[in-house]
Amino acid sequence: MGAYRDFHRRSIDERAAFWREQAQLIDWREPFAEVLDYSRPPFARWFNGGTTNLCHNAIDRHLATRAGQKALSFISTETGQNRTYTFRDLHAEVNRFAAALGEQGVARGDRVLIYMPMIPEAVFAMLACARIGAVHSVVFGGFASASLASRIDDAQPKVMVTADAGMRGGRAILYKALVDEALRLAQYPPATVVIVNRGIDKDLKTVASRDLDYDSLRDRHMEAKVPITWVESNEPSYILYTSGTTGRPKGVQRDTGGYAVALASSMKHIYCGVPGETMFTTSDIGWVVGHSYIVYGPLIHGMTSVMYEGLPVRPDAGIWWKIVEEHQVNVMFSSPTAARVLKKQDPSYLSKYDLSSLRHLFLAGEPLDEPTHRWMAEAIGKPVIDHYWQTESGWPILSAVHGIERTPIRYGSPSFPVYGYDLKLLRESDGAETAPNEKGVVAIVPPLPPGCMTTVWRDDERFVKTYFSSFRDKLVYSTFDWGIRDQDGYHYILGRTDDVINVAGHRLGTREIEEAVQAHANIAEVAVVGIAHAIKGQIPLAFAVVKDAEKIATSEARDRHELEIMETVDKQLGPIGRPARVHFVAMLPKTRSGKLLRRSIQALAEGRDPGDLTTIEDPGALEQIRLSLQQVRNDS
Ligand code: PRX
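The model shown is predicted, which means the values in this text are computed figures rather than measured ones. (Residues numbered from 1 in each chain as written. Predicted model: local features only at pLDDT ≥ 70, side-chain atom pairs only at ≥ 80, totals over all residues. Heavy atoms only, no water.)

A. Structural context of the sheet that holds strand S4 (residues 70-76). Strand order across the open sheet formed by seven strands is S5-S4-S17-S16-S18-S19-S20, with mixed pairing between neighbours. The sheet is open, and its two borders are formed by strand S5 (82-86) and strand S20 (384-386), each paired with just one other strand. Strand after strand, the sheet turns through a mean of 20° between neighbouring axes, direction not considered. Across the face of the sheet, helix H5 (residues 87-103) comes into contact with S4 and S5 while running at roughly 95° to S5. (Pairing = 2+ DSSP bridges. Helix = DSSP H or I, 4+ residues; strand = E, 2+ residues; numbered from the N terminus. Axes fitted to C-alpha atoms, helices over the stretch in contact; angles between N-to-C directions. Contact = heavy atoms within 4.5 Å.)

Shown next, in the form of structure tokens:
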């Protein structure tokens, strides 16, 4: 690993010179005065004083050379709609959207909350915000009204953008109805809601003084030319909420210049994309992967981005490979869960289509087990690159960097620290660096490189307290993941150190799910744990203590209650947080100081030893959990 090791070393030892070079990959209006201002650790200000714009870099700067090239190819197997936009078309649509937002009073620094299915208008809305210097906050469509309301209150948007409905597996999800409920719950609802009406919800209800139809707005702005708002590199481009240990989601704040540079650089060195080529990322715009590698990354790099609304197995398990063939996809990015789903399907789908355009497949978002990694690589006959990162980082932390050196891939490993990251594995007890093959907390010595979160939205203190306070005498960023490094420098991620779980690549806080369960009137107390699952990686299980035991006196009543609780979670948090089962117990295992023994419950549920129980208040509580698990196993 000579060439890559040197590249990485230089990114740390000669930080300013290194990033000054990378910064040439994007357009600046005014040059930056300094590469990095690190006068207030751990807050890093990248490319201080420079002015730029994400929308300009994603669209306008390409117009001279690639106006007629496809920028966005939209495919929906849900509605049967396919639409293609060249860079010229995208420019026109984004100008229209920007004009419509401007007309509603959205200005630089204002927030716009986007709650949308996977349709091109979601991308137009994001880029339109960037164009006028507004800050977007995209909320994943799988979140329900109460979660949406808490994000509305935190971001306090001036305008919300939504659609009448989305579709999943042929079933309509009524976005606008969920928005109405969220606005009823919110303390700071926006004055205006812009609705993209797809004609799916035939009974769409609107509020005359608040709701605007996007088509009518667009009609008025067909010829709009909205000038770029040049922003200082450190002005926020977006907020993206993510889960942590507490029930309250954190607004990850991203800057502008650092993000653009990190994305442009990763597109070249990590994803090895070539301008003019096509990238297909199967995530959703509501997640960080969608922000970075459906929207901004490929477009900044002058690539065509494929946007897909639908499931990987519908109409059949060949759909993604059909897209690869038809759209001549060169770079693909998906998730380990998707790979495990495809592994269960008829293998003939993999040989049915011509995949010769595809150079490599990237997977991220959750641990990729070695057998699935190996299977996927052999099945498509291309390198499959596991890479590790987070909402907080915005771009990869661990990866092979094949644009610099073709280091061999080891199955089950996301390879090496990415340039810019001074990554360490630290012993939890004293913060000392671990030896090879010794497990440690994956930590990053600040300053974090360009592109990473700059703070928690409106809460600098929470940023420092959450991420930089794990070790007493050391100011280091904790990823809250366990990792291990082998003697050759290959890294392996072993799961979270906190109470975050990962369901099919969706990051959820167990506290968040517990709060959603507690919204049910008959719940006194609940513990939620994530347990291993063959396809989804993890699934949530709930252990609940009811207030009125009469209500679960018979097995029918218990089943009914279980369903009711699941529906409560669907309504509060969204179906992604729904526990796979709800076990009813008379008490929860706790330490004598009242701390929930979540790890012991998890161990029992996974059939493992519950570990050290010397601090437990009442061993009978664990016995109850064991019995309840046994009961469910016997029933099924
Ligand atoms: O626990 C790690 C896991 O997903 C978390 C971040 O999730 P999210 O914020 O949704 O961002 C996903 C961006 C790809 C991490 O803290 N994770 C992510 N990638 C991997 C992973 N775990 C193991 N291997 C990976 N490649």
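B. Highlighting the layout of surface pockets. Of the pockets and cavities examined, the second largest pocket occupies roughly 440 Å³. As for the second largest pocket, its lining consists of 17 residues, and the residues nearest its centre are Thr497, Asp498, Asp499, Lys595 and Arg599. Only strand S26 (477-485) and helix H18 (598-605) provide two or more residues apiece to the lining of the second largest pocket. If you tally residues by element for the lining of the second largest pocket, the top one is H18, at three residues. Taken together, the residues of the lining of the second largest pocket sort by class into five nonpolar, six polar and six charged. Composition of the lining of the second largest pocket by domain shows at least three residues from each of domain 1 (2-310 + 387-482) and domain 2 (504-635). (1 Å grid on protein atoms, 1.4 Å probe; cavity = no way out; pocket = protein on both sides within 12 Å on 5 of 7 lines; lining within 4 Å. Points joined across faces, edges and corners; volume = space filled by probe spheres on them. Nonpolar A, V, L, I, M, F, W, Y, C, P; charged D, E, K, R; others polar. Domains from an automatic or database assignment.)

C. Structural context of the pattern of salt bridges. Within this structure, the stated rule accounts for 43 salt bridges. Here Arg108 ties to Glu235 by a salt bridge, and the two come within 2.7 Å at their closest N and O atoms. Separated by 127 residues along the polypeptide, Arg108 in the loop between H5 and strand S6 (111-115) and Glu235 in the loop between strand S13 (231-232) and strand S14 (238-242) bring together distant segments of the chain. For Arg108, a relative accessible area of 44% translates into the label partly exposed. (Salt bridge = Lys/Arg side-chain N within 4 Å of Asp/Glu carboxyl O. Buried < 20%, exposed > 50% of the residue type's maximum accessible area, 1.4 Å probe, protein only.)

D. A look at H5. Its 17 residues place the ends of H5 24 Å apart at the C-alpha level, agreeing with the 24 Å of an ideal helix rising 1.5 Å per residue. Taking burial as the measure, the 17 residues of H5 include 12 buried ones, the bulk of the element. Looking one or two residues past H5, Gly105 carries a phi angle of roughly 90°, positive in sign. (Expected span 1.5 Å × (residues − 1).)

E. The arrangement of the sheet that holds strand S11 (residues 192-196) in detail. Ordered in space as S12-S11-S8-S6-S7-S14-S15-S25, the eight strands form an open sheet in which the pairing is mixed. Pairing within the sheet leaves two strands with one partner each, and these edge strands are strand S12 (211-213) and strand S25 (455-456). The sheet contacts of helix H8 (residues 175-185) involve S6, strand S8 (159-163), S11 and S12, and relative to S8 the element is tilted by about 150°.

F. The arrangement of the site of the ligand in detail. Near the ligand lie 17 residues; those nearest to it are His387, Thr391, Asp481, Arg496 and Arg507. Measuring from a nitrogen atom of the ligand, one finds a backbone N or O atom of Glu366 at 3.3 Å. Within the contact set of the ligand, a nitrogen atom lies 2.8 Å away from a backbone nitrogen or oxygen of His387. Here the ligand loses 96% of its free accessible area of 540 Å² to cover by the protein chains. Within the shell around the ligand, the residues separate by chemical class into seven nonpolar, five polar and five charged. (Near = heavy atom within 4 Å. Polar contact = N/O pair within 3.5 Å; in protein donor to acceptor, adjacent residues only side chain to side chain. Areas by Shrake-Rupley, 256 points an atom, 1.4 Å probe, with all protein chains shown as cover.)

G. How the structure looks around the pairing of S6. Taken across its five residues, S6 has five buried, putting it largely inside the fold. Here S6 shows no split at all, with Arg111, Leu113 and Tyr115 on one side and Val112 and Ile114 on the other all buried. Bridge analysis of S6 against strand S7 (residues 135-138) gives four bridges, and the strand direction is parallel. Counted as the bridge partner of Ile114 is Val138 from S7. Regarding topology, helix H6 (residues 120-132) serves as the crossover connection from S6 to the parallel S7, and that connection is right-handed. The pairing of S6 with S8 spans four bridges and is parallel. Residue Val112 lies in a different strand from S8, and its bridge partner there is Val159. (Right-handed = clockwise from strand over helix to strand, strands pointing away.)

H. Examining the packing of aromatic side chains more closely. On inspection of all chains with the given rule, the structure shows 37 aromatic pairs. Plain terms: the ring middles of Phe18 and Tyr419 are 5.7 Å apart, the flat faces sit at 50° to each other, and that makes the pair tilted. A residue pair is termed long-range when its members are at least 10 positions apart, and Phe18 in helix H2 (residues 15-22) and Tyr419 in the loop between strand S22 (416-417) and strand S23 (423-426) qualify at 401 residues. Assessed through its relative accessible area of 0%, Tyr419 is described here as buried. Three or more aromatic residues joined by ring pairs make a cluster, and in this case those are Tyr4, Phe7, Phe18, Trp19, Trp28, Phe32, Trp46, Phe47, Trp395, Tyr419 and Tyr421. The ring of Phe43 carries the charged tip of Arg40 above its face, separated from the ring centre by 4.2 Å. Over the ring of Trp482 we find Lys439; its NZ or CZ atom is 4.4 Å from the centre of that ring. (Phe/Tyr/Trp six-rings, centres within 6.5 Å; stacked < 30°, edge-to-face > 60°. Lys NZ or Arg CZ within 6 Å of the ring centre and 35° of its normal.)

I. Geometry of the confidence of the model for the chain. Summarising the model, the chain shows a mean pLDDT of 96, and 100% of its residues fall at 70 or more. Element-level mean pLDDT values for the chain span from 86 in helix H19 (residues 619-635) up to 99 in helix H3 (residues 54-58). (pLDDT = per-residue confidence, 0-100.)

J. Highlighting the environment of Asn57. Note that Asn57 resides in helix H3. Linking Asn57 and Leu299, residues 242 residues apart in sequence, is a C-alpha distance of 7.9 Å. Residues within four places of Asn57 in sequence aside, it is in contact with Ile26, Asp27, Thr52, His62, Leu299 and Ile300. Here Asp27 takes part through its backbone nitrogen, which lies 2.7 Å from a polar atom of the side chain of Asn57.

K. The side chain of Ser237, seen in detail. Mapped onto the secondary structure, Ser237 falls in the loop between S13 and S14. Discounting residues that sit within four places of it in the chain, Ser237 has contacts with Leu54, Ala134, Val135, His136, Arg254, Asp255, Thr256 and Tyr259.

L. Quick peek at the domain arrangement of the chain. Per the domain assignment, the segments making up the chain are domain 1 (2-310 + 387-482) and domain 2 (504-635). Centre-to-centre, using C-alpha coordinates, domain 1 lies 34 Å away from domain 2. Between domain 1 and domain 2, the contact holds 19 residues from the first and 14 residues from the second. If you sort the residues of domain 1 by the area they bury against domain 2, Ser243, Gly247 and Trp287 come out on top, with a joint share of 37%. Summed over the shared surface of domain 1 and domain 2, the result is two salt bridges. For the salt bridge of Glu392 with Arg507, the shortest nitrogen-to-oxygen distance reads 2.9 Å. (Buried area = accessible area lost by both parts, 1.4 Å probe.)

M. Region of interest: the packing of helix H7 (residues 145-155) against H8. Close contact between H7 and H8 brings their axes to 8 Å; oriented N to C, the two are set at 55°. The angle between H7 and H8 falls in the class oblique. Our pair here, H7 against H8, has a crossing hand that is right-handed. Within the contact between the two elements, H7 uses Ser145, Ala146, Leu148, Ala149 and Ile152 and H8 uses Leu178, Val179, Glu181, Ala182, Leu183 and Leu185. Tallied by class, the residues present in the contact of H7 with H8 amount to nine nonpolar, one polar and one charged. (Parallel < 35°, antiparallel > 145°, perpendicular 65-115°, else oblique. Left-handed = near helix turned anticlockwise from the far one by under 90°.)

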